[in-house]
Amino acid sequence: MKNAWWKRAVVYQIYPRSFMDSNGDGIGDLRGIISRLDYLKELGVDVVWLSPVYQSPNDDNGYDISDYRAIMEEFGTMEDFDEMLSGMHERGIRLVMDLVVNHTSDEHAWFVESRSGVDNPYRDYYIWREGKDGREPNNWESCFSGSAWEYDGTTDMYYLHLFSKKQPDLNWDNPKVRQEVFDMMDWWCRKGIDGFRMDVISLISKKPGLPDGEPVPGSEYADHGCANGPRVHEYLREMNQKVLSRYDLMTVGECAGVTTREAEKYASLDGTELNMVFQFEHVDLDNGPYGKWTDRRVDLRDLKQMMDKWQTKLAGKAWNSLFLGNHDQPRCVSRFGNDDPRYRVSCAKMLATCLHMMQGTPYVYQGDEIGMTNCPFETLDDIRDIESINAFHKYTGSGQISPEDMMRYIRLRGRDNSRTPMQWDDGPQAGFTTGQPWIMVNPNYKEINVKKELTDPDSVFHYYRKLIALRKQEDIITEGSCQLLEPDHEKLYIYTRTLDTEKLLVICNFSEDETVYEIPAEFSHARVLIRNLPGDQPEGTLRLRPYEAVVLKTE
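Residues numbered from 1 in each chain as written. Predicted model: local features only at pLDDT ≥ 70, side-chain atom pairs only at ≥ 80, totals over all residues. Heavy atoms only, no water.

S.K.: I'm lost on the sheet that holds strand S20 (residues 549-554) in this one. Help?
M.R.: Pairing between sheet strands relies on hydrogen bonds along the backbone, with the strands arranged either parallel or antiparallel. Judged by pairing direction, the sheet is antiparallel, and its five strands sit side by side in the order S14-S15-S16-S20-S18 without closing on themselves. Bordering the open sheet on either side are strand S14 (481-485) and strand S18 (527-531), each of which pairs with just one other strand. Mean inter-strand twist for the sheet, computed between neighbouring axes without regard to direction, equals 20 degrees. Two elements, S14 and strand S15 (residues 492-499), share five bridges in a ladder whose sense is antiparallel. If you follow serine 481 over to S15, its bridge partner there is threonine 498. Across the sheet, helix H8 (residues 300-313) lies against S14 and S15, angled at about 15 degrees from S15, the strand it touches most. (Pairing = 2+ DSSP bridges. Helix = DSSP H or I, 4+ residues; strand = E, 2+ residues; numbered from the N terminus. Axes fitted to C-alpha atoms, helices over the stretch in contact; angles between N-to-C directions. Contact = heavy atoms within 4.5 Å.)

Structural data, given as structure tokens:
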């Protein structure tokens, strides 16, 4: 594991529906991705994580899969996929597929069979239970609101769905299910893909007996409590033994509810399960009484403490994933920084600096490299995300949140913020499509687009290129230990990296105020490795401008 290729890699996440449309139907597709491979090569990324492109009825934008071995018709054909994969490999880019195996679509052949009768051979591929006292089998709440159980009149029983009712959960306790999944994974590996990002993989092992949970205050439902279930590590070790260990892969598990202690098991450097996990503690810091539906801002001191915890607790034991945004999060510039046009560029660079200088594998979400922002959605008609739509009806219907406040929260925290089309140029629909896009284009595309970024040597894009290149050149970024400085400072995020006799000092101003910092004596003659604003060689007192980032290196 010490010299594993994915330690130095930088991953770029493509959300295919919103990346590039090649045929004018308003939906991004595989041929659109093919047309932009040279752009990814110029950026310098090593890996593409591709959100699901499998056959799907699209209840949850492709995370409800009806056929794991077919391509969604809207996205193209398997021949298109093969051409895309070979095009990536020709450019030195590896491909990580999204693996969604906690659940399938209710239109998957397995579930169609499963619901047809209690004696069907596929019945136990899913989790069926009889009702209790005329109601659901237990009080678990779906992650998308309402009960996690759906009644099915064919057999007078309920099936479990931790997400949409069109996403029934697979029964991982059934060895036949596990073997089906492993066979499917092996099929893709033999095709030549380079790894898997595993959707909600920490939820696959349910508590025996499926007991009621403690109801959430003000609700009849309870948290399902399925995160890090009793057999999850057993199942992942089996997956590793039967599939993962047979190929040179990169694996990352999306692990809701994971702790550092659990992460040491999932992503242990002994290589028995996965390479790394996505944890979500830092993106839950701004939650409020109604979860993510709030206008709270992240307190920098809390963010520093949380990020430092993961840097230090996993050191020498497991590997970190580094991210501030993805397809389920709002735009990182709008959330953690400031998308005011006066500050957006320096802020996007500062956030990237802060993240990319840490130990772990950085993930760039499409559009972050040009500083894309949250979208000013006006009404619920603009929204496409099932989670946001369900939450709007839940909280406004109960009177807990006014419609005006709920739309404001969706504009701040909704998943559609990251799903607006990639902004390629200043032409119609931002160059994403010649047709009507499936979701609105952010109206700021005339100012924020790839065409403009490529021609400006001081752009966010070119700064990302420098950061990505530095990871290849400087062992200290990959291997150095991390130490947080000034943990109680309200505006500055400062940390060091140390490898043998080399040291880095990373200083990031998270505020729109000029902020003074006294450089430690050991860095008084250090050279500037990278900075996001032009300036002289810093010595002694450093006056940081709004959202300025400076990285110093001792030789």
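Further notes follow.
S.K.: In this structure, what is going on with the side chain of glutamate 548? I would like to understand it.
M.R.: Looking at the element boundaries, glutamate 548 is found in the loop between strand S19 (541-544) and S20. On the basis of relative accessible area, glutamate 548 is assigned to the buried category, the value being 0%. Only 2.8 Å separates the side chain of glutamate 548 from the side chain of arginine 531, close enough to count as a polar contact. Dropping the residues within four chain positions of it, glutamate 548 is found in contact with Met350, Ile507, Cys508, Asn509, Arg531, Asn532, Leu533 and Arg543. (Buried < 20%, exposed > 50% of the residue type's maximum accessible area, 1.4 Å probe, protein only. Polar contact = N/O pair within 3.5 Å; in protein donor to acceptor, adjacent residues only side chain to side chain.)

S.K.: In this structure, what is going on with the nonpolar core? I would like to understand it.
M.R.: Note on soluble globular proteins: their nonpolar side chains tend to be buried together. Ranked by internal contacts, the top residues of the largest apolar core, which has 157 residues, are Phe81, Met185 and Phe196. With residues near it in sequence (within four places) discarded, methionine 185 still touches Leu99, Phe196, Met198, Met239, Val243 and Leu244. In terms of nonpolar packing, the next biggest core, distinct from the first, is built from 14 residues, Trp149, Tyr158, Leu160 and Leu210 among them. (Core = buried A, V, L, I, M, F, W, Y, C linked by side-chain atoms within 4.5 Å.)

S.K.: It is not clear to me how helix H11 (residues 386-397) should be interpreted in this structure. Could you clarify?
M.R.: The end-to-end C-alpha distance of H11 is 16 Å, a good match for the 16 Å that twelve residues give at a rise of 1.5 Å each. Contacts made by the buried residues of H11 are with helix H12 (403-413). Two to three positions downstream of the cap, the backbone nitrogen of glutamate 387 sits 3.3 Å from a side-chain oxygen, assigning the N-cap of H11 to aspartate 385. Positive phi appears at glycine 399, one or two residues downstream of H11, with a value of about 80 degrees. (Expected span 1.5 Å × (residues − 1).)

S.K.: I keep staring at the pairing of strand S2 (residues 47-50) and nothing clicks. Help me out?
M.R.: Within a regular strand, side chains alternate between the sheet's two faces. Both faces of S2 are covered, namely the face carrying Val47 and Trp49 and the face carrying Val48 and Leu50. Sheet analysis places strand S1 (residues 11-14) next to S2, joined by four bridges and oriented parallel. Residue pairing across strands places tyrosine 12 opposite valine 48, the latter belonging to S2. Of the strand pairs in this sheet, S2 and strand S5 (residues 94-99) are connected by four bridges, and their pairing is parallel. If you follow leucine 50 over to S5, its bridge partner there is methionine 97.

S.K.: Even after reading the chapter, I still don't get the packing of helix H5 (residues 175-191) against helix H6 (residues 232-242), so can you show me in this structure?
M.R.: To describe two helices that pack against each other, one gives the angle between their axes and the distance between the axes. Their axes nearest at 10 Å, the elements H5 and H6 cross at an angle of 40 degrees. If you check the angle between H5 and H6, you find them oblique. When the axes of H5 and H6 are compared, the crossing they make is right-handed. Residues Arg178, Gln179, Phe182 and Met185 of H5 pack against Tyr235, Glu238, Met239 and Lys242 of H6. Considering only residue class, the contact of H5 with H6 consists of four nonpolar, one polar and three charged. (Parallel < 35°, antiparallel > 145°, perpendicular 65-115°, else oblique. Left-handed = near helix turned anticlockwise from the far one by under 90°. Nonpolar A, V, L, I, M, F, W, Y, C, P; charged D, E, K, R; others polar.)

S.K.: Help me understand the pattern of salt bridges, please; the structure alone is not making it clear to me.
M.R.: Between side chains of opposite charge, pairing is possible as soon as their charged atoms come close. The full count for this structure, using the stated rule, is 54 salt bridges. Linking glutamate 83 and arginine 31 is a salt bridge whose minimum nitrogen-to-oxygen distance equals 2.9 Å. Here arginine 31 lies in helix H1 (residues 30-34) and glutamate 83 lies in helix H3 (residues 78-90), a separation of 52 residues in the sequence. Take glutamate 83: its relative accessible area is 36%, and that puts it in the partly exposed class. Where lysine 191 meets aspartate 82, a salt bridge forms, and the shortest distance between an N and an O atom there is 2.7 Å. With lysine 191 in helix H5 and aspartate 82 in helix H3, this residue pair connects regions lying 109 residues apart in the sequence. One connected set of salt bridges, linked through shared partners, spans Asp60, Lys292, Asp328, Asp385, Glu387, Arg415 and Arg419. (Salt bridge = Lys/Arg side-chain N within 4 Å of Asp/Glu carboxyl O.)

S.K.: Please explain the packing of aromatic side chains as it appears in this structure.
M.R.: The description of two aromatic rings rests on the distance between their centres and on the angle between their planes. As enumerated under the stated definition, the model contains 29 aromatic pairs in all. Considering the side-chain rings of phenylalanine 278 and tyrosine 363, the 4.7 Å spacing of their centres and the 65 degrees angle between planes classify their relative orientation as edge-to-face. Of this pair, phenylalanine 278 sits in strand S11 (residues 276-278) while tyrosine 363 is found in strand S13 (residues 361-365), placing the two residues 85 residues apart along the sequence. On the basis of relative accessible area, phenylalanine 278 is assigned to the buried category, the value being 2%. One aromatic cluster in this structure is built from Tyr54, Tyr68, Phe81, Trp110, Tyr122, Tyr125, Trp187 and Trp188. Over the ring of tryptophan 128 we find arginine 123, and its NZ or CZ is 3.8 Å from the ring centre. (Phe/Tyr/Trp six-rings, centres within 6.5 Å; stacked < 30°, edge-to-face > 60°. Lys NZ or Arg CZ within 6 Å of the ring centre and 35° of its normal.)

S.K.: Just to check I follow, could you spell out the sheet that holds strand S7 (residues 149-152) for this structure?
M.R.: The strand order across the open sheet built from three strands is S6-S8-S7, with neighbouring strands paired in antiparallel fashion. Unpaired on one side and paired on the other, strand S6 (128-129) and S7 mark the two borders of the sheet. Bridge count for S7 against strand S8 (residues 157-160) is four bridges, and the pairing is antiparallel. Within S8, the residue paired with glutamate 150 across the bridge is tyrosine 159.

S.K.: It is not clear to me how the side chain of arginine 331 should be interpreted in this structure. Could you clarify?
M.R.: You can see arginine 331 is positioned in the loop between strand S12 (319-322) and helix H9 (332-336). For arginine 331, the side chain forms a polar contact with the main-chain oxygen of glutamine 366, separated by 2.7 Å.

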